[in-house]
Amino acid sequence: MTFNDEYRAKILIEALPYIQRFNGATIVVKYGGHAMVDEHLKNDFALDVILMKYVGMNPIVVHGGGPQIGDLLEQLSIKPEFIDGMRVTDKQTMDVVEMVLVGKVNKEIVSLINRNGGSAVGLSGKDGRLITATKMQYLKKKNGDQPPEIIDMGMVGEVTSVDTNILMSLIKSEFMPVIAPVGAGKDGETYNINADLVAGHVASALNARKLILLTDTEGVLDRDGNLISTLTVQKALQLINDGTIKGGMIPKINCCIEALNSGVKKAHIIDGRKSHAILLEIFTKIGVGTELVH
């Protein structure tokens with residue numbers, strides 16, 4: 001046996017206990033960032049979730065689509081507006097968001113998975129009463145002791161409930177659900193919802209074993225810029241309070257903590273810019289990102 005043969009065999013052996021441990025487990029993956037743009041990484045992602053399915057796991061994909069939405073808005077000469085990194089979504093913008101997320105991005109992901117040998121079905125949160133949402137009330141903090149300002153974000157929503165019936169039906173039929181983060185209000189109105197939040201709520205509703213967020217960073221870093229491989233909820237809150245965790249990582253951490261508090265066993269924030277990042281995180285001892293645990 002050559003060195004390369006022995007090395008490849010060790011990789012397969014290392015994966016074996018994880019394949020056994022997670023057989024039958026539901027794993028929710030939020031797909032976004034650079035992994036949705038780079039053609040090589042897109043193909044790697046499809047192969048990762050297909051392999052998960054073939055070894056007995058039940059992957060569920062929730063995707064974003066910010067860059068694609070921005071591209072179409074620019075083509076239509078609609079100027080985007082952001083507040084604290086969140087897209088203000090008026091009626092005209094909401095039509096574009098739904099068109100891109102549900103009609104374009106979702107179908108491209110489904111086609112990519114199916115083309116590589118998987119069996120995926122695309123959904124939006126409006127299908128089968130999957131995601132019920134309500135209008136987000138966003139409070140913008142002000143300096144000093146001034147009360148926060150209530151900002152109207154338009155048709156930006158937050159999840160109020162998840163009906164898992166359609167997801168369970170698809171899983172039992174061996175299909176992989178791919179979900180666009182669009183929800184419906186009680187009167188049928190459409191809401192644009194942050195994909196991380198949708199993934200967290202879906203994972204909680206299904207009591208998933210894992211929630212995995214693909215990002216454009218290595219994971220959670222300490223003050224010296226080193227990757228923190230494992231982080232407890234208590235330690236994560238300390239790092240937010242002392243300013244080590246800041247910016248866009250804070251809502252991702254809060255999403256993971258909420259999922260853990262709702263029954264999800266582990267949450268992971270991993271670098272989607274790495275080839276086969278999902279497989280490396282699930283099937284190896286070291287992993288490639290940060291895992292959050294209680």
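Computed from a prediction, not measured in an experiment: that's the story for all the values here.

Parameters and conventions
Residues numbered from 1 in each chain as written. Predicted model: local features only at pLDDT ≥ 70, side-chain atom pairs only at ≥ 80, totals over all residues. Heavy atoms only, no water. Phe/Tyr/Trp six-rings, centres within 6.5 Å; stacked < 30°, edge-to-face > 60°. Helix = DSSP H or I, 4+ residues; strand = E, 2+ residues; numbered from the N terminus. Buried < 20%, exposed > 50% of the residue type's maximum accessible area, 1.4 Å probe, protein only. Contact = heavy atoms within 4.5 Å. Axes fitted to C-alpha atoms, helices over the stretch in contact; angles between N-to-C directions. Parallel < 35°, antiparallel > 145°, perpendicular 65-115°, else oblique. Left-handed = near helix turned anticlockwise from the far one by under 90°. Pairing = 2+ DSSP bridges. Polar contact = N/O pair within 3.5 Å; in protein donor to acceptor, adjacent residues only side chain to side chain. Core = buried A, V, L, I, M, F, W, Y, C linked by side-chain atoms within 4.5 Å. Right-handed = clockwise from strand over helix to strand, strands pointing away. Nonpolar A, V, L, I, M, F, W, Y, C, P; charged D, E, K, R; others polar. Salt bridge = Lys/Arg side-chain N within 4 Å of Asp/Glu carboxyl O. Expected span 1.5 Å × (residues − 1).

**Points about the packing of aromatic side chains**
So, step 1. Enumeration according to the criterion identifies one aromatic pair in this entry.
So, step 2. Ring centres of tyrosine 31 and phenylalanine 45 lie 3.7 Å apart, and the angle between their planes is 0 degrees; this geometry places the pair in the stacked category. Separated by 14 residues along the polypeptide, tyrosine 31 in strand E1 (residues 26-31) and phenylalanine 45 in helix H2 (residues 39-54) bring together distant segments of the chain. Each of the two residues, tyrosine 31 as well as phenylalanine 45, counts as buried.

**Overview of the environment of valine 264**
So, step 1. You can see valine 264 is positioned in the loop between helix H8 (249-261) and strand E15 (266-271).
So, step 2. With 236 residues separating them along the chain, valine 264 and valine 28 place their C-alpha atoms 9.9 Å apart.
So, step 3. The residues touching valine 264, leaving out its near neighbours within four places in the chain, are Ala203, Ser204, Asn207, Ala208, Arg209, Lys210, Leu211 and Ala259.

**A word on the packing of helix H3 (residues 66-75) against helix H4 (residues 91-115)**
So, step 1. At a minimum axis distance of 9 Å, the contact between H3 and H4 shows a crossing angle of 125 degrees. If you check the angle between H3 and H4, you find them oblique. The two elements H3 and H4 cross, and the hand of that crossing is right-handed. Of the residues in H4, those in contact with Gln68, Ile69, Leu72 and Leu73 of H3 are Thr93, Val96, Val97, Met99, Val100, Leu101 and Val105.

**A short note on the sheet that holds E15**
So, step 1. Strand order in the open sheet formed by eight strands is E5-E10-E2-E1-E13-E15-E16-E14, with mixed pairing between adjacent strands. Among the strands making up the open sheet, the edge pair consists of strand E5 (120-124) and strand E14 (230-232). Adjacent strand axes in the sheet meet at a mean angle of 20 degrees when their direction is disregarded.
So, step 2. Both E14 and strand E16 (residues 289-293) contribute to a ladder of three bridges, which runs parallel. Bridge assignment links threonine 232 to a residue of E16, and that residue is valine 293.

**Topic: the side chain of aspartate 271**
So, step 1. You can see aspartate 271 is positioned in strand E15.
So, step 2. Here the side chain of aspartate 271 touches arginine 273 through a polar contact of 2.8 Å, side chain to side chain.

**What about the nonpolar core?**
So, step 1. Ranked by size, the top nonpolar core spans 44 residues in total, and within it Ile113, Ile278 and Ile282 carry the most contacts.
So, step 2. Tallying contributions element by element places H4 first for this core, with ten residues.
So, step 3. Setting aside residues no more than four positions away along its own chain, isoleucine 282 makes contact with Tyr18, Phe22, Ile27, Met52, Met57 and Ile212.
So, step 4. Counting residues in hydrophobic clusters, the runner-up holds 43 residues, among them Tyr191, Ala195, Leu213 and Val264.

**Quick notes on unusual backbone geometry**
So, step 1. The backbone phi angle of serine 77 is positive, close to 60 degrees, even though this residue is not glycine.
So, step 2. A residue is classified by how much of its surface remains accessible, and serine 77, at 68% relative accessible area, is exposed.

**Things to note about the pairing of E1**
So, step 1. A large share of E1 lies buried, amounting to six of its six residues.
So, step 2. Burial along E1 is two-sided: Thr26, Val28 and Lys30 facing one way and Ile27, Val29 and Tyr31 facing the other are all buried.
So, step 3. When E1 meets strand E2 (residues 58-63), the two strands line up parallel, connected through six bridges. By the bridge assignment, lysine 30 is partnered in E2 with valine 62.
So, step 4. Handedness of the crossover joining E1 and E2 through H2 is recorded here as right-handed.

**Thoughts on the packing of helix H6 (residues 195-205) against H8**
So, step 1. The contact between H6 and H8 brings their axes to 9 Å, and the two run at 10 degrees. In this view, H6 runs roughly parallel relative to H8, as classed from their interaxial angle. Here Asp196, Leu197, Gly200, His201 and Ser204 of H6 lie close against H8, whose contacting residues are Lys252, Cys255, Glu258 and Ala259.
So, step 2. Here the contact of H6 with H8 is composed, by residue class, of three nonpolar, three polar and three charged.

**Points about the pattern of salt bridges**
So, step 1. By the definition in use, this model includes eleven salt bridges.
So, step 2. Here glutamate 39 ties to lysine 42 by a salt bridge, and the two come within 3.1 Å at their closest N and O atoms. Here the residue glutamate 39 and the residue lysine 42 both occupy positions in helix H2, the gap between them amounting to three residues, near one helical turn.
So, step 3. With a shortest N-O distance of 3.2 Å, lysine 91 and aspartate 95 are connected by a salt bridge.

**Section: H2**
So, step 1. Its 16 residues place the ends of H2 23 Å apart at the C-alpha level, agreeing with the 22 Å of an ideal helix rising 1.5 Å per residue.
So, step 2. Within the span of H2, buried status applies to Leu41, Lys42, Asp44, Phe45, Ala46, Asp48, Val49, Ile50, Met52 and Lys53.
So, step 3. Two or three places before histidine 40, at the start of H2, stands the capping residue aspartate 38, its side-chain oxygen 2.9 Å from that residue's backbone nitrogen.
So, step 4. With its phi angle positive at about 105 degrees, glycine 56 sits one or two positions after the end of H2.

In short, the description is geometric, and any link to function would need to be established separately.
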